[in-house]
Amino acid sequence: IMVMRKILILLFLLIPLLGNAQQLYKANAMRFKEGDKLEQWEKCNLKVFIDEKLNIKIYRSNDILELNSVNDDYLLKEDAKSYRLSWQCVDEDGYKCIPLMTSDKESFIYLSIHYPDMNGAIIYSLEPNKWE
């Protein structure tokens with residue numbers, strides 16, 4: 001039963017992103033990382049949309065943050081405890097960033113958007129969502 005549950009979670013979380021589908025998530029918490037300093041989680045209520053080309057839209061209270069995938073190349077890593085999907089994007093201001101989706105196969109999904117040139121990241125705690 002545990003193996004079947006893990007397979008279903010994989011199908012539910014990552015396959016939609018890799019199988020030419022679109023996925024909508026709800027971000028219920030976020031935090032910032034600057035260098036080695038990691039801030040505390042702050043509650044939020046944002047929608048995060050990832051399309052079939054791995055472009056990302058984060059719907060904030062008064063605007064939309066858009067990250068556009070720079071190529072069709074992505075890296076998927078799996079170990080006994082988690083999945084990690086990463087790719088390259090550029091934000092609306094032209095800054096290069098690396099989105100990284102991580103799931104422990106059971107309870108959490110994180111989207112980290114790393115900005116290497118600024119030595120920082122924004123991390124969102126996600127849950128699958130549906131359009132209302």
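Because the structure is a prediction, the values reported are computed rather than measured.

**Q** Account for the side chain of Ser103, naming residues and giving values.
**A** Mapped onto the elements, Ser103 comes out in strand β7 (residues 96-103). A polar contact of 3.2 Å, which involves the side chain of Ser103, links it to the backbone oxygen of Phe108.

**Q** Please provide a residue-by-residue account of the confidence of the model for the protein, values included.
**A** Here the protein shows a mean pLDDT of 83. Residues at 70 or above account for 80%. Taken element by element, the predicted model of the protein shows its lowest mean pLDDT in helix α2 (residues 15-18) (47) and its highest in strand β4 (residues 56-59) (95). Segment residues 15-20 is flagged for pLDDT under 50; beyond a separation of four residues in sequence, or across chains, it makes 16 contacts in the model.

**Q** An account of the pairing of β4 is requested, with residue identities and associated values reported.
**A** Of the two faces of β4, the one holding Ile56 and Ile58 is buried and the one holding Lys57 and Tyr59 is not buried anywhere. The pairing of strand β3 (residues 42-50) with β4 spans 4 bridges and is antiparallel. Residue pairing in the sheet places Ile50 in a bridge with Ile56 of β4. Linking β3 back to β4 in an antiparallel pair, the connection comprises 5 residues, with Leu54 at a positive phi of about 65 degrees. As paired strands, β4 and strand β5 (residues 64-78) are joined by 4 bridges and run antiparallel to one another. Bridge assignment links Lys57 to a residue of β5, and that residue is Glu66. The turn joining β4 and β5, which pair antiparallel and follow one another in sequence, is formed by 4 residues.

Calculation criteria
Residues numbered from 1 in each chain as written. Predicted model: local features only at pLDDT ≥ 70, side-chain atom pairs only at ≥ 80, totals over all residues. Heavy atoms only, no water. Helix = DSSP H or I, 4+ residues; strand = E, 2+ residues; numbered from the N terminus. Polar contact = N/O pair within 3.5 Å; in protein donor to acceptor, adjacent residues only side chain to side chain. pLDDT = per-residue confidence, 0-100. Contact = heavy atoms within 4.5 Å. Buried < 20%, exposed > 50% of the residue type's maximum accessible area, 1.4 Å probe, protein only. Pairing = 2+ DSSP bridges.

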